[in-house]
Amino acid sequence: RAPAWMKDREKLWNAVEKAETRKDAQLAREIQLALPKEVSASRQVEMLREYVRENFVDRGMVADLAVHRDNPENPHAHVTLTMREINKDGNGFGAKNRDWNSKDRLLAWRENWAQSVNKHLALEGHELRVDHRSYQEQGIRIEPTSKIGTRLENAQTDGRQNIQERLAEHLETARRNGERIFKDPSIALDAITHQQATFSKSEVGRW
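Reading guide: rules and limits
- Residues numbered from 1 in each chain as written.
- Predicted model: local features only at pLDDT ≥ 70, side-chain atom pairs only at ≥ 80, totals over all residues.
- Heavy atoms only, no water.
- Helix = DSSP H or I, 4+ residues; strand = E, 2+ residues; numbered from the N terminus.
- Buried < 20%, exposed > 50% of the residue type's maximum accessible area, 1.4 Å probe, protein only.
- Contact = heavy atoms within 4.5 Å.
- Arc of directions from axis to C-beta.
- 1 Å grid on protein atoms, 1.4 Å probe; cavity = no way out; pocket = protein on both sides within 12 Å on 5 of 7 lines; lining within 4 Å.
- Points joined across faces, edges and corners; volume = space filled by probe spheres on them.
- Nonpolar A, V, L, I, M, F, W, Y, C, P; charged D, E, K, R; others polar.
- Salt bridge = Lys/Arg side-chain N within 4 Å of Asp/Glu carboxyl O.
- Pairing = 2+ DSSP bridges.
- Axes fitted to C-alpha atoms, helices over the stretch in contact; angles between N-to-C directions.
- Left-handed = near helix turned anticlockwise from the far one by under 90°.

Asks: How should I be thinking about the overall build of the chain in this particular structure?
Replies: A tally of regular secondary structure across the chain gives eight helices and five strands. Listed N to C, the secondary structure of the chain is α-β-α-β-β-β-β-α-α-α-α-α-α in terms of helices and strands. Taking the principal axes of its C-alpha atoms as reference, the chain extends roughly 65 × 40 × 30 Å. Going through the 207 residues of the chain one by one, you find that 32% of them count as buried.

Below you can see the structure in the form of structure tokens.
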């Protein structure tokens, strides 16, 4: 359990920075989690805290949570994690834990998040399910679209070059996927049946 002073963000991250001596040291790890919009806001927070406690805090990390709901279609959370364990006296940080950097650990975090989301979707009576695996691993013949960093409609008029590059990449991938589905509509059925057992004509249409 983190000492009380670490609940002050300014004190926490000042202490993290103070623990590092190298100028190029990694201070923290950030993980972004998509929150299921189908469940209530209170359940989103409940599942987030439960997941963070079981996967990060119980292993010795300090987690700083921020939930963003500016886009109703894309509620998500940013979880910023310390790279070092807390000193036994609770006054600062000790050595970095290299075990937290393993690829297997990252894959486990992804799978555990999918399991947590699916549990809470079921608790609220939803049939929809998420899968942490890539489309390729699931046998779905489409490409994943890139993350733009803003709402699609806002990206159209955003003047930042990086946003425009992401938007162009996103739209080009969507075009290729659309061509594949147009030639073989069963691809859309494969994709949607991986998420839910029943679906409407309009849901198929969106795919």
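On we go from here.
Asks: It is not clear to me how the environment of Met61 should be interpreted in this structure. Could you clarify?
Replies: Along the chain, Met61 turns up in the loop between helix H2 (41–55) and strand E2 (63–68). Put simply, Met61 and Trp100 are 39 residues apart on the chain and 9.2 Å apart in space, counted from C-alpha to C-alpha. In contact with Met61, not counting residues within four places along its chain, are Phe56, Leu81, Thr82, Trp100 and Trp109.

Asks: I tried to follow helix H7 (residues 186–193) on my own but got confused; where do I start?
Replies: Because an α-helix packs 3.6 residues into every turn, residues spaced three or four apart end up facing the same way. Those residues of H7 that sit buried are Ile187, Ala188, Ala191 and Ile192. Projection of H7 onto a plane perpendicular to its axis shows the buried side chains occupying an angular sector of 125 degrees, all on one side. In the core, the buried residues of H7 are packed alongside helix H6 (161–183) and helix H8 (201–206).

Asks: Whenever I open this one, empty space enclosed by the protein confuses me. Can you help?
Replies: Leftover empty space is mapped by rolling, across the atoms, a probe with the size of a water molecule. Going through the model one piece at a time under the given rule, you end up with one cavity of 30 Å³ or more. The volume enclosed by the largest cavity comes to roughly 30 Å³. Taken together, Val16, Ala19, Glu20, Leu27, Thr82, Met83, Arg84 and Phe93 make up the full set of residues lining the largest cavity. Here the residues of the lining of the largest cavity are counted per class, giving five nonpolar, one polar and two charged.

Asks: Where do I start with the pattern of salt bridges in this structure?
Replies: Should their charged atoms come close, side chains of opposite charge can pair. Scanning all chains against the criterion turns up 12 salt bridges. Between Glu20 and Lys96 there is a salt bridge, with the nearest N and O atoms lying 3.7 Å from each other. With Glu20 in the loop between helix H1 (9–18) and strand E1 (28–34) and Lys96 in strand E5 (residues 93–96), the pair connects residues that are 76 residues apart, well separated along the chain. One salt bridge in this structure joins Glu143 and Arg180, with 3.0 Å as the shortest N-O distance.

Asks: Looking at this structure, how should I read the sheet that holds E2?
Replies: Strands in a sheet are paired, the pairing made by backbone hydrogen bonds, and the direction either parallel or antiparallel. As summarised here, the arrangement of the three strands in space is E1-E3-E2, forming an open sheet in which the pairing is antiparallel. Each of the sheet's edge strands pairs with one partner strand only, and the pair in question is E1 and E2. Within the sheet, the average angular offset between the axes of one strand and its neighbour, ignoring direction, is 20 degrees. Here E2 runs beside strand E3 (residues 76–82); their pairing, made up of six bridges, is antiparallel. Across the sheet, Ala63 pairs through a bridge with Leu81, a residue of E3. Sheet contacts for H1: E1, E2 and E3; angle to E3, the most-contacted strand, approximately 45 degrees.

Asks: How should the layout of surface pockets be read in this particular structure?
Replies: In this structure, the second largest pocket spans a volume of roughly 700 Å³. What lines the second largest pocket is a set of 22 residues, and nearest its centre among them are Ala2, Lys7, Val57, Val62 and Ala63. Residue assignment for the lining of the second largest pocket shows that the elements contributing at least two residues are H1, H2 and E2. Taken together, the residues of the lining of the second largest pocket sort by class into 14 nonpolar, one polar and seven charged.

Asks: Any chance you could explain the packing of H2 against helix H3 (residues 103–123) here in plain terms?
Replies: Each pair of packed helices can be described by the angle between their axes along with the distance between the axes. The N-to-C vectors of H2 and H3 enclose an angle of 145 degrees; their axes lie 10 Å apart at closest approach. As for how H2 packs across H3, the hand of that crossing is right-handed. Across the interface between the two elements, Arg43, Glu46, Met47, Leu48, Glu50, Tyr51 and Asn55 of H2 pack against Trp109, Arg110, Asn112, Trp113, Ser116, Val117, Lys119, His120 and Leu123 of H3. Among the residues making up the contact of H2 with H3, the classes are represented as seven nonpolar, four polar and five charged.

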